[in-house]
Amino acid sequence: MNAEQVQLLRFRVGERHYALPVEAVKEIIPFSDITRVPRTPPVVRGVINLRGNVVPVLDLAVRMGHGEIAADSLSCVLIIGDDEQPTDNELGLLVSAVEVVLQTAPDELQSPPQFGLGAPHHFVSRMAAQDGVFAPILDLSRVADIDELALSIHEESERQRI
């Protein structure tokens, strides 16, 4: 790989393609038992036990404003988190399938269009294209905004009390 190349993990959420920088994904695990958590919004698919640590899992389709992923044998959980605090900040993203690792030059990445992304515009940092497939590159600081998610969970809990 050329030192100036960018590596992106392309995956599907439903029929839509997305990508993340490879270095943002710590691990890819097959979809298996997820424990639902009461009083959480639909975006929180549940939690998994990852080597003794409880890791919350977001349904990326719901986060993008679509219906829940119909998990099957191709579904995976992308584990993301901070390498300096390996267990405290881990989060799982449920996706429909992992497709390929793309390698591209940074100047080949494009600005996202104003519409037609299949995701809220502020979730997308750039666009990658390969073999005629365009994939929005997700901005994890926004997609996995812990403060926003915590507020959403609190609001859902309060809503269910009423």
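It should be noted that the structure appears before, not after, this text.
Residues numbered from 1 in each chain as written. Predicted model: local features only at pLDDT ≥ 70, side-chain atom pairs only at ≥ 80, totals over all residues. Heavy atoms only, no water.

**Digging into the overall build of the chain**
In plain terms, the rule: Strands here are runs of E lasting at least two residues and helices are runs of H or I lasting at least four, both read from the DSSP assignment and numbered beginning at the N terminus. The globule rule used here is 2.2 Å times the number of residues to the 0.38 power, and the radius of gyration it is set against is calculated over C-alpha atoms.
A tally of helices and strands in the chain yields 3 helices and 10 strands. Secondary structure of the chain in N-to-C order comes out as β-β-β-β-β-α-β-β-β-β-β-α-α. Against the compact-globule benchmark of 15 Å for 162 residues, the chain has a radius of gyration of 16 Å, which places it among compact chains. A principal-axis box enclosing the C-alpha atoms of the chain has dimensions of 50 × 35 × 30 Å.

**As for the sheet that holds strand 5 (residues 53–59)**
Think of a sheet as strands paired side by side through backbone hydrogen bonds, with each pair either parallel or antiparallel. Threshold: Strand pairing follows a simple DSSP-based rule, namely that at least 2 bridges must link the two strands. All axes here are fitted lines through C-alpha atoms, helices being fitted over the stretch that makes contact, and every angle between N-to-C directions spans 0 to 180 degrees.
Read from one edge to the other, the open sheet built from 5 strands follows the order 3-6-7-5-4, with strand pairing classed as mixed. Whereas interior strands pair on both sides, the edge strands pair on one side only; in this sheet they are strand 3 (25–30) and strand 4 (44–50). On average, adjacent strands in this sheet sit at an angle of 30 degrees to one another, irrespective of strand direction.

**Some points on the environment of Leu 93**
Within the secondary structure layout, Leu 93 lies in strand 7 (residues 91–95). Leu 93 sits 14 residues away from Ile 79 along the chain, and the two C-alpha atoms are 6.5 Å apart.

**Focus on the nonpolar core**
Rules: To form a nonpolar core, buried Ala, Val, Leu, Ile, Met, Phe, Trp, Tyr and Cys residues must be joined to one another through side-chain atoms within 4.5 Å. Only protein chains enter the area calculation, which uses a 1.4 Å probe; residues under 20% of their type maximum are buried, those over 50% are exposed, and those in between are partly exposed.
Formed by 39 residues in total, the largest nonpolar core has its most connected members in Phe 11, Leu 60 and Leu 138. When residues in this core are grouped by element, the largest group, 5 residues, is from strand 6 (residues 76–80). Counting 7 residues, the second largest nonpolar core, distinct from the first, contains Leu 8, Ala 128, Ala 135 and Ile 137.

**Thoughts on helix 3 (residues 146–161)**
Put simply, the rule is: Residue count minus one, scaled by 1.5 Å, sets the expected span of a helix. The directions considered for the arc are those from the helix axis to the C-beta atoms. We call two residues contacting when some pair of their heavy atoms lies within 4.5 Å. Whenever two N or O atoms come within 3.5 Å, that pair is a polar contact, provided that in protein one can donate a hydrogen and the other can accept it, and provided that, for residues adjacent in sequence, both atoms are side-chain atoms.
Across its 16 residues, helix 3 extends 23 Å between first and last C-alpha, which sits within 8% of the 22 Å expected from 1.5 Å per residue. Residues of helix 3 that are buried include every one of Leu 149, Glu 156 and Ser 157, and no others. In an axial view of helix 3, the angular spread of the buried residues amounts to 100 degrees, which keeps them on one side of the axis. Turned more than 90 degrees from where helix 3 packs its buried face, Asp 147, Arg 159 and Arg 161 sit exposed. Contacts from the buried residues of helix 3 go to strand 5 and helix 1 (60–63). Two or three places before Asp 147, at the start of helix 3, stands the capping residue Asp 145, its side-chain oxygen 3.1 Å from that residue's backbone nitrogen.

**Focus: the side chain of Ser 96**
With respect to the secondary-structure elements, Ser 96 resides in the loop between strand 7 and strand 8 (97–104). The exposure class assigned to Ser 96 is buried, which follows from its relative accessible area of 10%. Within the structure, Ser 96 has its side chain in polar contact with the backbone nitrogen of Gly 14 (distance 2.7 Å).

**Re the pairing of strand 7**
Burial analysis of strand 7 places 5 of its 5 residues in the buried class, the great majority of the element. Residues Leu 91, Leu 93 and Val 95 of strand 7 are buried on one face, and the alternating residues Gly 92 and Leu 94, pointing to the opposite face, are buried as well. Note that strand 5 and strand 7 share 3 bridges and pair parallel. The residue bridging Asp 59 from the neighbouring strand is Leu 94, located in strand 7. As paired elements, strand 6 and strand 7 share 5 bridges and run antiparallel to each other. Pairing of Leu 78 across the sheet is with Leu 93, part of strand 7.

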